[in-house]
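# Coordinate analysis (summary)
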Amino acid sequence: MLKKNRLLLLTLSAAPALATGCATHSLPQFGLKGWPMEQREEVEVAEAPSPTTTAAARAAEPPVVAVQVPSLDQHDPAAPLPEVRPVTFDDAGSSQPASPQPASFRAGETGHPAGGAVELATPLAMQPEGLQAEPHRSAGETVLAPGTPMPLDAGRVTLDAVEQWALAHNPAIQQAAAASSRAGGIRTQVGLKPNPTIGYFGEEIGNDGGSAGLQGGFISQTFVRGDKLEWNRAVINNDVRAMNRMIETQRQRILTDVRLAFYEALAAQKRLQLARDFREIAAQGVDVSQQRVDAKVGTRPDVLQSEIQLGEIDLTIQQTQYQLEAARNQLQALCGGIQLGDDPLVGELDQTYAAQDADSLYAHIVAANPLLAAAEARVDRARANVQRQRLQPVPNVTAQLGAGHDDGTGDAFANVQLSLPLPIHNRNQGNIQAAHAEYCNAIKNVERIRLSIQQQLAETLREYKIAEATVNQYKQSIMPKAEETLELIQQAQAAGEFDFLRVLTARRAYFDANLRYVTALGELAQADARLEGLLLSGGLSQAVTYEGQDELRGQALSGQ
């Protein structure tokens, strides 16, 4: 363990008569930059293209720096890093940018990614004076408890309606907003100045024949030097930025989850309708085959084959009902438990999709992905923390001013004390090394997320292209031929050219082709939703919390 720094104590005492006025002593001036500090040199780093949400919203985003990260066993804790300047905050937590303003912070930052993310009106962490328990709601908006039926427009369950209800009522988004607000509170706390201390002292009481001795009071104040409090807030402010990006991440995840569940439910609903329509035809086929047997023109195998086909259709209906019920339950969960009722979903699966190119998609997702933006904010946080830890050896100054009365002599006196620790044994070298390791970790995390996006994009594009090829093949070739085949066989059977089994086979092939076509349409819509949603999903399964504490403030005040 590192030894505590030695304490240097300066005591100035004077005893002029208070009745004639206390003499004013000139206290030693300890400017913020007065203590000798190691010379910090800036290093040149190559700027890499920084992902931007939109050209207008994130044009001023600090560039992502591409640096050669040394291994930790070769790391020199005193090695310089790109300099980030602090931001001056007032005690309420609002920012007063220093000159120049740090690259890692812009007051009131509200840039949000494109590609489906919904903008926040005001990030909760920008309001650190109080935690908002409820999400921002527009005037007159009705708050419904879980289990309440969703108000619908003429019984229409549309994708837009479900998306709006999910954004308003999903707890994952509200949880992320609360985490952002907590980070804002920590940001305020770590920059607060220490409170002054007042006290009473009595010395030499009872000496000189029962004299009251020395009686008086004092006031002391610790002055935090080295801009440590400002740097504290600059560090945590990047946590606030990351949390605000995580709010956007959760909103995009929920939107993607809603679209995936909606298209799954819509495809199941269309398959169910196809199965029910075909069941009527299959039931008629059973009656016809039985009539042919009764008329001595059919056979018993024709009846059995018709009944088997009808039973398979009934099984398909039952399975599809379960699939539809599960998808609607997912939608209800994503909407915060609001009931959708029995109203049918309204939407189209057969849509026109733009051509997808892997390179352009990757560039768009990297530029707009809020999860990646949050990771970049943590890089800024780690870089600022390295600079903050390098300032820790700058000693604080504790000043004490006292005044009292000497009962033995009848004189008044004043007392001035100044103290500060000497950074001899502990120069914060361990925390500097740890902060640099955190910085390296944050850079590698950004690289990991970029590679993860590349991997997920490859998988999603594969699913998209397979579904697209399937839809095109069914639409252009298989479905027209299956329909034509069924019509020709039915005409031939009516003319006595084909037996009834040929008709049943053609009907089943046409029905199966329709089911596979609708399934492919649903898979294509879901793959497109994943691409439009920046490959973000799983909002309810991935909680966003903020575990940061105000330990930076304690470190700044301790002087160790």
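Use the structure listed above.
This write-up is about the structure you can find in this document. The structure displayed is predicted, hence computed values, not measured ones.

Glancing now at the overall build of the chain. Looking only at helices and strands, one finds 10 helices and 11 strands in the chain. Residues counted as buried form 44% of the 560 residues belonging to the chain. Sequence-distant contacts in the chain: of pairs separated by 6 or more residues, those separated by 24 or more amount to 82%. Accessible surface computed for the chain: about 28000 Å², of which carbon and sulfur atoms make up 52%.

Attention now moves to the pairing of strand E10 (residues 397-406). For strand E8 (residues 214-223) and E10, the ladder comprises 10 bridges, and the chain directions are antiparallel. Bridging from a neighbouring strand, Ile219 pairs with Leu401 of E10. Where E10 lies against strand E11 (residues 411-422), nine bridges are found, and the strand directions are antiparallel. When the bridges of E11 are listed, Asp406 appears paired with Asp411. Taken together, E10 and the strand that follows it, E11, pair antiparallel across an intervening segment of four residues, in which Gly410 is found at a positive phi of about 80°.

Further remarks concern the pattern of salt bridges. All told, the structure shown has 14 salt bridges when counted by the stated rule. The closest approach of N and O atoms between Arg259 and Glu532, which form a salt bridge, is 3.8 Å. Of this pair, Arg259 sits in helix H4 (residues 228-294) while Glu532 sits in helix H9 (residues 500-532), placing them 273 residues apart in sequence. By relative accessible area, Arg259 is classed as buried at 9%. Owing to a relative accessible area of 39%, Glu532 belongs among the partly exposed residues under this scheme. Each member of the salt-bridge network shares a partner with another, and the members are Glu163, Arg259 and Glu532.

Let's shift gears to the packing of helix H6 (residues 358-368) against helix H8 (residues 429-494). Where H6 contacts H8, the two axes come as close as 10 Å, and the packing angle between them is 135°. The orientation of H6 relative to H8 falls into the category oblique. Here the hand of the crossing between H6 and H8 comes out right-handed. Listed contacts from H8 to Ala358, Leu361, Tyr362, Ile365 and Val366 of H6 are Arg450, Ile453, Gln454, Leu457 and Leu461. When the residues that make up the contact of H6 with H8 are grouped by side-chain class, the tally is eight nonpolar, one polar and one charged.

Quick look at a nonpolar patch on the surface now. There is a patch of nonpolar side chains on the surface, built from Ile198, Ile219 and Leu401 and spanning about 310 Å² of accessible area. Examined against the element boundaries, Ile198 turns out to sit in strand E7 (residues 197-203). When its relative accessible area of 68% is taken as the criterion, Ile198 is described as exposed.

Rules used throughout
Residues numbered from 1 in each chain as written. Predicted model: local features only at pLDDT ≥ 70, side-chain atom pairs only at ≥ 80, totals over all residues. Heavy atoms only, no water. Helix = DSSP H or I, 4+ residues; strand = E, 2+ residues; numbered from the N terminus. Buried < 20%, exposed > 50% of the residue type's maximum accessible area, 1.4 Å probe, protein only. Contact = heavy atoms within 4.5 Å. Areas by Shrake-Rupley, 256 points an atom, 1.4 Å probe, with all protein chains shown as cover. Pairing = 2+ DSSP bridges. Salt bridge = Lys/Arg side-chain N within 4 Å of Asp/Glu carboxyl O. Axes fitted to C-alpha atoms, helices over the stretch in contact; angles between N-to-C directions. Parallel < 35°, antiparallel > 145°, perpendicular 65-115°, else oblique. Left-handed = near helix turned anticlockwise from the far one by under 90°. Nonpolar A, V, L, I, M, F, W, Y, C, P; charged D, E, K, R; others polar. Patch = residues over 30% accessible without salt bridge, like charges linked within 9 Å, V, L, I, M, F, W, Y side chains within 5 Å.

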